[in-house]
Structure formats: C-alpha cells, structure tokens
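Report on the structure
Residue strings, one per chain:
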Amino acid sequence: MNEELNYDIAIIGGGPAGLGAAIYAARGGLKTVVFEKGLVGGQILLTADVDNYPGFEKTISGYELMDKMKQQADKFKAEFREEEVTAISLEGICKIVETDKNTYRAKAIVYCAGAHPRKLAVPGEERLTGRGVSYCATCDGALYRGKKVAVIGGGDSAIEEAEFLTRFAEKVFVIHRRDQLRAVHAVQERAFKNNKIEFIWDTVVHEIVGEERVEKLILYNRRKDIFFEKAVDGIFVYIGIIPNNALVESRLNLDAQGFIMTDEEGHTNIPGIYAAGDIVHKVLRQVVTAVSDGAVAAFSAEKWIQENMANFDVPVKKVK
C-alpha cells in the first residue's frame, strides 16, 4: 500500500464531531484524514442562523461556523478526502478503511457518521429546510420569538420540544396523526396545562407552503377526511431520528435505537475504535456537544496509539 494512504487517525464524517476530532488529532501531531462524501460540515450547513454556539455574540450561519472549523483543521494539516466510505475492517491492531476510490490503513478510527431526522416526505419540506423547516427546537427556537410554529409528532421529544418552544413562540400547534400522545404521562400533563400549546389531532401534514420561508401548512384530518390550512412561521419535525450506523451495526454495541454505546472517553467495545457526535447514545445532540465528543474521542485515540506504539508495524507519523 502506498505510504501516503497510511494514517494515524481516520475520521469518518465531516460534521461538527468530525471537525472537532480533526482539530485535536492534527494539532496533536498525528497524521489525520477525514472522509466526507458530501460537503464538510454536515447537517448544520442547512441552518441559516446559529445563535447558541459559544464565542459568537452575533448570529452566524451554519455554513460560516463549519467553514471556520474547517479552516482551523486545515491549519493543523488535517487532510480531507471527498470519498464515501464503503467498508471498514475493525479487526486487528491496524484498521482498514475502504472508500469508493481507495483503500486506507489507520491505527485508530473515530466514527462520526451522525444521524438524520426521519422526514415527512411532503412537498416543500426539502426546499424550505433551514428556512422555516427545522428538526431541532433547541437550535432554532429562539428565532421564533412572538411567532406561531407547528411541532409534528406525539412522542417525548416532540412534546418536550413543544414546551421548550413556548419560551419564545406566541403559539405552538402540536400536530399529531393519532388522537392521543405517545409521550410519557408527566410530559403530557405539563403540555396540556400550557395555554400556549394547541393540539391538532388525527392530522398529518400534506404540504409545506412558502416562497422564501415557511408561510403555512396544508393539513389533512384523517378522521374527518378534510384538508385545511394553518398559517405558521416555522415547523419542527419530530417523528424520529435515524443513526447512520450501517457500516458498524453488526460489530459495535448499540442501544435499542441503533446509536453507538461509548464510555465517557469515546471508546466503543472494540479497541482503537471511537465514536462521537449524533451517532452515539447521548442526551443532547447539538453542535457544541458534537465538537466536544470529537475532541474527547481524538484525545483518547491519541493516547491509545501511544500506548500501543510497539504493536504497530509502521511508526506513528508526526506532521512536520
């Protein structure tokens, strides 16, 4: 194998967790590669306004924030490859990463493939994502002060986020396809007592309408078999989140929802394999926690490499 295809740390995924890991690994002097099949930055690139990332007093776009992180990783000589990882060999002291273009060897892997929200798959959703369509109230809720928003879903996440949105929004419409919620009783009771929340039962979204931003929803009531409209400034979708675990699901320990189980240092159940960001089992999925996860995982991976130096047939390469 060509020497340039040997790395100390291979990071799979170029979102906030991957960038956090890249900065810490490369800054630590390790030869680092980041694989990202799309644009570096991940889903946050679609967010027009980020106002809760520490250190930025003024609102910054997701694209700008990720670009700054990418520049910082570049400064420390992390390499970025626009390639899709198709297979990973986790066995052995050295790990093999296969992409649609090459085969690479790394001493440790930080898996940051992320997760994706289950989407409504209705007209207008893709076009207006980041322009009124959101999948994270904690990220975007403050942008809707004094406005009307809709939350789609009836589980714990949907109802908890609906409550959170009442801190900012004038009105929160909870739209649920059934006639009762799936959230736990205590969460339901709090929501029912909140006069800012209005429930729309037996209803699904048929279309999201707007020119530059979300303006209204076309809804369908399944029980009454009628279509009707609801004017809103934003829509928050909570019908599930899907971990991108296809490459590792048969070998790493996962929770019941398919998220990777790690310890506090980012270790998985396989030595030399770490995970960070939205792909891991955790309480809060935010840019700031993803970056932190990535930093911890990279630091732990560096320690593991140093401890196992004698077992590698290629010396650890330091970036000059």
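Residues numbered from 1 in each chain as written. Predicted model: local features only at pLDDT ≥ 70, side-chain atom pairs only at ≥ 80, totals over all residues. Heavy atoms only, no water.

**Let's talk about helix H1 (residues 16–27)**
With 12 residues, H1 should reach 16 Å at 1.5 Å per residue; the first-to-last C-alpha distance of 16 Å fits that figure. The element H1 is extensively covered by neighbouring structure, given that 10 of its 12 residues are classed as buried. Elements in contact with the buried residues of H1: strand S1 (6–12), strand S2 (32–35), helix H2 (62–75), strand S3 (79–81), strand S6 (103–111) and helix H7 (287–307). Where H1 ends, the next residue or the one after it, Gly29, has phi of about 90 degrees, a positive value. (Helix = DSSP H or I, 4+ residues; strand = E, 2+ residues; numbered from the N terminus. Expected span 1.5 Å × (residues − 1). Buried < 20%, exposed > 50% of the residue type's maximum accessible area, 1.4 Å probe, protein only. Contact = heavy atoms within 4.5 Å.)

**Quick look at a positive patch on the surface**
A grouping of Arg177, Arg178, Arg182 and Arg222 is seen on the molecular surface, where their side chains present a positively charged patch. Within the fold, Arg177 resides in the loop between strand S10 (171–175) and helix H6 (185–193). (Patch = residues over 30% accessible without salt bridge, like charges linked within 9 Å, V, L, I, M, F, W, Y side chains within 5 Å. Areas by Shrake-Rupley, 256 points an atom, 1.4 Å probe, with all protein chains shown as cover. Salt bridge = Lys/Arg side-chain N within 4 Å of Asp/Glu carboxyl O. Lys, Arg positive; Asp, Glu negative; His and termini not counted. Charge placed at Lys NZ, Arg CZ, Asp CG, Glu CD.)

**Regarding the state of the cysteines**
Taken as a whole and judged by the stated rule, the model has one disulfide. A sulfur-sulfur separation of 2.2 Å characterises the disulfide bridge that pairs Cys136 with Cys139. Between Cys136 and Cys139, the disulfide has an S-S torsion of 75 degrees and is therefore right-handed. No difference in accessibility class separates Cys136 from Cys139, as the two residues are buried. Cys112 provides the cysteine sulfur closest to Cys94, a residue in no disulfide bond, and the two sulfurs are 19 Å apart. For Cys94, a relative accessible area of 16% corresponds to the buried category. (Disulfide = S-S within 2.5 Å.)

**Quick notes on the environment of Ala298**
Within the secondary structure, Ala298 sits in helix H7. On the basis of relative accessibility, which here comes to 1%, the residue Ala298 falls in the buried class. Excluding anything up to four places from it in sequence, Ala298 contacts Ile9, Ala21, Tyr24 and Ala25.

**Section: the confidence of the model for the protein**
Mean pLDDT over the protein stands at 92; residues scoring 70 or higher make up 96%. Across residues 315–320, where pLDDT falls below 50, the model places 21 contacts with residues more than four positions away in sequence or in other chains. (pLDDT = per-residue confidence, 0-100.)

**Quick notes on the pairing of S2**
In the case of a regular strand, side chains alternate between the two sheet surfaces. Side chains Thr32 and Val34 project from S2 onto one buried face, and the interleaved Val33 and Phe35 project onto a second face that is buried too. For S1 and S2, the ladder comprises four bridges, and the chain directions are parallel. Opposite Ile11, over in S2, you have Val34 as the bridge partner. As a crossover connection, the stretch from S1 through H1 into S2 is right-handed. (Pairing = 2+ DSSP bridges. Right-handed = clockwise from strand over helix to strand, strands pointing away.)

**Structural notes on the packing of helix H5 (residues 156–165) against H6**
Between H5 and H6, the shortest axis-to-axis distance is 10 Å and the interhelical angle comes to 35 degrees. The crossing of H5 and H6 is left-handed. Contacts between H5 and H6 involve Asp156, Ile159, Glu160 and Glu163 on the former and, on the latter, Val187, Arg190 and Ala191. Classifying every residue of the contact of H5 with H6 by side-chain character gives three nonpolar, no polar and four charged. (Axes fitted to C-alpha atoms, helices over the stretch in contact; angles between N-to-C directions. Left-handed = near helix turned anticlockwise from the far one by under 90°. Nonpolar A, V, L, I, M, F, W, Y, C, P; charged D, E, K, R; others polar.)

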